[in-house]
Structures are given as C-alpha cells and as structure tokens.
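In case you want the letters, here they are:
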Amino acid sequence: ETHYTINGKHAQAWFHGNEHLAHFYICGTRSGKISRKILGKDYAGGLVMDCYAGYDRHATKIKQRCLEHLKRTAKDWRKVTPEKAVAARQFFDDVMAWVKRGCRWHRHRKTNSEAEQKREAAGLRSEQARLESVALDSKKSQTLQGRIRRYSNEWLTFLDHPSVPPTNNLAEQAVRFLVILRKLTFGSRTRAGARRMGAMMTVIQ
C-alpha cells in the first residue's frame, strides 16, 4: 500500500497481486481489514509484505516480511549511529549482509545443488538466531533487533516456499506509478474518482 489523497484528505492505495494478477483499491483508511476483505478471511496463499501491523491478522501461515525493507532501514540507521556505538554499527552491517545472502540464495536456488541450498539455508537461519540475540549498544539497533524478533518466523519463509520471493519489490514497482501520479495531480477529487483510478490501474497493470 502507498499514500494517496481523495479531495485533499489522506487515503491509501492498496495493491495485491503477483506475476499474473493485479488488483488496486483506493480508499480512505489504512486498516488491515481492507486487505483481509480483498483477499478473503480464509486466504491461505503466500503474502509478502513490509512490517505494517495491519497484515498481522491475515489467516495465512505463509507470510514473508520484506528483506529489502529491513536492509534499507539498517542502512539508513547506520548512517546516524555514532562511531562509538561499535556493536550497533556492526549489527547494521551484519543485517545488510544477511539480507544480501538471502536474496542471493533465492536468485540461485534453481542453479545451486540441493546440498548447497540446504547448507546456505542453515547458515541463514543460524545467522538470524545470532542477530536476534547479540548484545547491542544503541537504541535504534535494539529497535531493529526487536523487529527481527517480533517477526522471527516470517523473514525466511522463502526458503521453504519456492514461489514466495524474499522482498515485496513487485508491489513497490506496481505502486510507483500511483506515487508519481499523486505528486502530479494531488490525488483524486472524489471517492468515485479514486475507485475509477483503482479499476483503471488494475486493468493496465
């Protein structure tokens, strides 16, 4: 989902889709109920998302939190971390390296041998456990560590589900046009116009 406006008021543009299907819906709320209503209460397929808590109540057990968002946060927070916070700076570096390893594993899963896949998957899980328990010396690093712990079972879902990617880049790319359009037009003038925009984007995408 991304920010939008309807008649000057804050709204939300929701996107659900995969490589074959796309659905856009623009409304005046960011409530997670919207996503659950669109996908259905009994949706049991894969769900790739950021750390927005509105997705937590989805029924599906196949949840993948976006590793790219995690890496981006680690990169941004490292820039503002004092040099004396050695453990925190190393933690941010390690998180970024861990994410890169995970994405590389996903890219090469079809070309690497089964033994290589299992060995690297075990390494990724071991590194996550270490990141969740390492002692830290800054508030931001502790906050990010808490986020990793909170969604501990949802960072490496892609290891067990080949059709699930480790990032939500597909959704990010899909809503980019709406972000640009919002900057140019300031959103929709009416709710009916927002609904039409969602329908048009669904067909176009």
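Look a little higher up for the structure.
Quick caveat: nothing in here was measured; it's all calculated off a predicted structure. (Residues numbered from 1 in each chain as written. Predicted model: local features only at pLDDT ≥ 70, side-chain atom pairs only at ≥ 80, totals over all residues. Heavy atoms only, no water.)

Asker: Could you clarify how one ought to interpret the overall build of the chain in this entry?
Answerer: A tally of helices and strands in the chain yields seven helices and five strands. Reading the chain from its N terminus to its C terminus gives the helix and strand order β-β-β-α-β-β-α-α-α-α-α-α. Projected onto its principal axes, the C-alpha positions of the chain cover 50 × 40 × 30 Å. Sorting the 205 residues of the chain into buried and exposed places 41% on the buried side. Considering only residue pairs separated by 6 or more positions, the chain has 56% of its internal contacts joining residues 24 or more positions apart. On the chain, roughly 12000 Å² of surface is accessible, and the fraction owed to carbon and sulfur atoms is 52%. (Helix = DSSP H or I, 4+ residues; strand = E, 2+ residues; numbered from the N terminus. Buried < 20%, exposed > 50% of the residue type's maximum accessible area, 1.4 Å probe, protein only. Contact = heavy atoms within 4.5 Å. Areas by Shrake-Rupley, 256 points an atom, 1.4 Å probe, with all protein chains shown as cover.)

Asker: So what exactly am I meant to see when it comes to the layout of surface pockets here?
Answerer: Where empty space is left can be seen by rolling a probe of water-molecule size over the atoms. Its boundaries defined by the atoms lining it, the largest pocket holds a volume of some 950 Å³. What lines the largest pocket is a set of 37 residues, among which Phe-15, Gly-17, Val-48, Leu-170 and Ala-171 lie closest to the centre. If you list the elements that add at least two residues to the lining of the largest pocket, you get strand E1 (2–6), strand E2 (9–17), strand E3 (22–27), helix H1 (32–39), strand E4 (47–49) and helix H6 (169–185). Along the lines of polarity and charge, the residues of the lining of the largest pocket split into 16 nonpolar, 16 polar and five charged. (1 Å grid on protein atoms, 1.4 Å probe; cavity = no way out; pocket = protein on both sides within 12 Å on 5 of 7 lines; lining within 4 Å. Points joined across faces, edges and corners; volume = space filled by probe spheres on them. Nonpolar A, V, L, I, M, F, W, Y, C, P; charged D, E, K, R; others polar.)

Asker: Can you help me understand the pattern of salt bridges in this one?
Answerer: Two side chains carrying opposite charge are able to pair once their charged atoms lie near each other. This structure, assessed with the given rule, holds 10 salt bridges. In this structure, Arg-150 and Asp-56 form a salt bridge, with 3.2 Å as the shortest nitrogen-oxygen distance. One end of the pair, Arg-150, is in helix H5 (residues 139–150); the other, Asp-56, is in the loop between E4 and strand E5 (63–65), and 94 residues separate them in sequence. Classification of Arg-150 as exposed rests on a relative accessible area of 56%. Given a relative accessible area of 27%, Asp-56 falls into the partly exposed group. When the shortest N-O distance is used, the salt bridge between Arg-130 and Asp-94 registers 2.9 Å. Of this pair, Arg-130 sits in helix H4 (residues 114–133) while Asp-94 is found in helix H3 (residues 86–107), placing the two residues 36 residues apart along the sequence. Overlapping salt bridges, with partners in common, bring together Asp-56, Arg-65, Arg-150 and Glu-154 in one network. (Salt bridge = Lys/Arg side-chain N within 4 Å of Asp/Glu carboxyl O.)

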